[in-house]
Amino acid sequence: MKRLYYARHGESFINIQDIVATKLGAKNDLGLTELGRQQALAEGQKAVANGLRADVIVSSPLLRALETARIIARELGYPAQDIRTSDLLLELQFGELEGTSWRTFWEAGGGYKNLGAFKGAETMEALQQRAEKALGFLKNLPEDNVLVVSHSAFGRALRRTIERKPWTDEFENSVSLPHGEIIRLI
C-alpha cells in the first residue's frame, strides 16, 4: 500500500434521528439520507476531478458506510461487487446503548470516557487497538491505492494510530470527521 485514503460515510438516518447504531444487522443499521447520498456523490466526483484512483475499496459492513462506498465506487468506475468489507472498520461499539439517543447519552454525562461502564460497549482504548489491527490489515493489502469507507470515531482512532498518538488524545483533541469527505492518511 502506497496511499491510504479515508472517507466517513455520508449523512445517515441515524445521524438525523439521533440514534446510537453500531451493531451490524440491527434494526437501526440504516442507510443514507438524500443529503448523505449527495455528499457521497459530490465526493466521488471531486475524487475523479483530482485524479484519485482506488485500486481497492474496503468498507465497514454497516449500511451507511457500504452505501457511501458504492456511490463513490460508481463515480470512480470501480466495480461495486469488488468492494471488500471488514468488521475491523465498524464504528465504535456501544453495547447495551444500541438504539438509544446519542444526545441523551452525552447530556447524561456519559461521553466516551465512561463507555466501559456499559455492558458490551467498546472503550476508546479497545477501539484504538482495533484500529491498529485494521491498519496492519490495510498495509498488507497488495494494492497501492486503498480507499477506506467507515465512521467518525473509528476514523479518528485510525488517524491517531497512523500519527502514533495515544488513545487518550480522543478526550482532548477530538474533531468529528465531515460526512462523505475523502482525506489522505498515508
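Refer to the structure above for everything that follows.
My aim in this report is to walk through the structure given alongside it, one point at a time. (Residues numbered from 1 in each chain as written. Predicted model: local features only at pLDDT ≥ 70, side-chain atom pairs only at ≥ 80, totals over all residues. Heavy atoms only, no water.)

### A short note on the overall build of the chain
Keep this limit in mind: Numbering of helices and strands runs from the N terminus; a helix is a DSSP stretch of H or I covering at least four residues, while a strand is a stretch of E covering at least two. The globule rule is 2.2 Å times the number of residues to the power 0.38, and the radius of gyration it is compared with is taken over C-alpha atoms.
Tallying secondary structure elements over the chain gives 7 helices and 5 strands in all. In sequence order, the chain lays out its α and β elements as β-α-α-β-α-β-α-α-β-α-α-β. Its C-alpha atoms give the chain a radius of gyration of 16 Å, near enough to 16 Å, the size a compact globule of 186 residues would have. Along the longest, intermediate and shortest principal axes, the C-alpha atoms of the chain span 45 × 35 × 25 Å.

### Quick notes on the layout of surface pockets
Think of a ball as big as a water molecule: rolled over the atoms, this probe shows where empty space is left. The cut-off we apply is this: As defined here, a cavity is a set of points on a 1 Å grid over the protein atoms alone where a 1.4 Å probe fits but cannot get out. A pocket is an open set with protein on both sides within 12 Å along at least five of seven lines, and residues line them when an atom is within 4 Å of a point. Grid points are joined across faces, edges and corners, and a volume is the space filled by probe spheres set on the points. Residue classes follow a fixed rule: Ala, Val, Leu, Ile, Met, Phe, Trp, Tyr, Cys and Pro count as nonpolar, while Asp, Glu, Lys and Arg count as charged, and any other residue, Gly among them, counts as polar.
Approximately 390 Å³ is the volume found for the largest pocket. Put simply, the parts of the chain that give the lining of the largest pocket at least two residues each are helix H1 (13–17), helix H4 (102–107) and helix H6 (152–163). Split into classes, the residues belonging to the lining of the largest pocket amount to 9 nonpolar, 8 polar and 6 charged.

### A short note on the sheet that holds strand S5 (residues 182–184)
Applicable threshold: When DSSP finds two or more bridges between two strands, those strands count as paired. The contact criterion used throughout is that any non-hydrogen atoms of two residues lie within 4.5 Å. Lines are fitted to the C-alpha atoms to define the axes, a helix being fitted only along its stretch in contact, and any angle between axes, read from their N-to-C directions, falls within 0 to 180 degrees.
Overall, mixed pairing links the 5 strands, which are arranged S3-S2-S4-S1-S5 in an open sheet. Either end of the sheet is taken by a strand with one partner, and the two such strands are strand S3 (84–85) and S5. Pairing between strand S1 (residues 3–8) and S5: 3 bridges, direction antiparallel. Paired with Ala 7 across the two strands is Ile 182, which belongs to S5. The sheet strands contacting helix H3 (residues 63–76) are S1, strand S2 (56–59), S3, strand S4 (145–150) and S5, and the helix crosses S4 at an angle near 145°.

### Focus on helix H5 (residues 124–139)
As a reminder, the rule being used: Take the number of residues in a helix, subtract one, and multiply by 1.5 Å to get its expected span. Buried means the residue's accessible area, taken with a 1.4 Å probe over protein chains only, is under 20% of the maximum for its type, while exposed means over 50%, and partly exposed covers the values in between. The directions considered for the arc are those from the helix axis to the C-beta atoms.
Compared with an ideal rise of 1.5 Å per residue, which puts 16 residues at 22 Å, H5 spans 22 Å between its outermost C-alpha atoms and is within 8% of the ideal. Looking at H5, one finds that the buried residues are Met 124, Leu 127, Gln 128, Arg 130, Ala 131, Ala 134, Leu 135 and Leu 138. Along H5, the residues classed as buried sweep out an arc of 155° about the axis, all on the same side. Of the surrounding secondary structure, the elements contacted by the buried residues of H5 are S1, S2, S4, H6 and helix H7 (169–173).

### Let's talk about the pattern of salt bridges
Put simply, the rule is: The salt bridge definition used is simple: a Lys or Arg side-chain nitrogen within 4 Å of an Asp or Glu carboxyl oxygen.
On inspection of all chains with the given rule, the structure shows 9 salt bridges. Between Arg 53 and Asp 55 there is a salt bridge whose closest N-O contact spans 2.9 Å. The class for Asp 55 is partly exposed, based on a relative accessible area of 25%. Salt-bridge contacts for Glu 170 lead to Arg 160; the nearest nitrogen and oxygen are separated by 2.7 Å. With Glu 170 in helix H7 and Arg 160 in helix H6, this pair connects stretches of sequence that are 10 residues apart. Here the residues in one salt-bridge network are Glu 34, Arg 37 and Glu 67, joined through shared partners.

### As for the packing of helix H2 (residues 34–49) against H3
Heads up, the condition is: Handedness of a crossing follows from how the near helix is turned relative to the far one, being left-handed for an anticlockwise turn of less than a right angle and right-handed for a clockwise one.
Close contact between H2 and H3 brings their axes to 8 Å; oriented N to C, the two are set at 35°. You can see that H2 and H3 cross each other, and the crossing is right-handed. Across the interface between the two elements, Arg 37, Ala 40, Leu 41, Gly 44, Gln 45, Ala 47 and Val 48 from H2 touch Glu 67, Thr 68, Ile 71, Ile 72, Arg 74, Glu 75 and Leu 76 from H3.

### Some thoughts on the packing of aromatic side chains
Keep this limit in mind: In this scheme Phe, Tyr and Trp rings, the latter by its six-membered ring, pair at centre separations within 6.5 Å, and the angle between planes marks the pair as stacked below 30 degrees, edge-to-face above 60, and tilted otherwise.
Counted under the stated rule, the structure contains 9 aromatic pairs. Between Phe 94 and Phe 105 the ring centres are 5.8 Å apart and the planes differ by 90°, which places this aromatic pair in the edge-to-face class. Of this pair, Phe 94 sits in the loop between S3 and H4 while Phe 105 sits in helix H4; the two residues are 11 residues apart in sequence, bridging distant segments of the chain. In this pair, the class of Phe 94 matches that of Phe 105, namely buried. Seen from their ring centres, Trp 106 and Tyr 112 are 5.1 Å apart, and the 75° between their planes marks the pair as edge-to-face. A residue is classified by how much of its surface remains accessible, and Trp 106, at 35% relative accessible area, is partly exposed.

### Some words on the pairing of S1
By the criterion of burial, S1 is predominantly enclosed, with 5 of the 6 residues buried. Here S1 runs beside S4; their pairing, made up of 6 bridges, is parallel. Pairing of Arg 3 across the sheet is with Asn 145, part of S4.

Coordinates in, geometry out; function isn't part of it.
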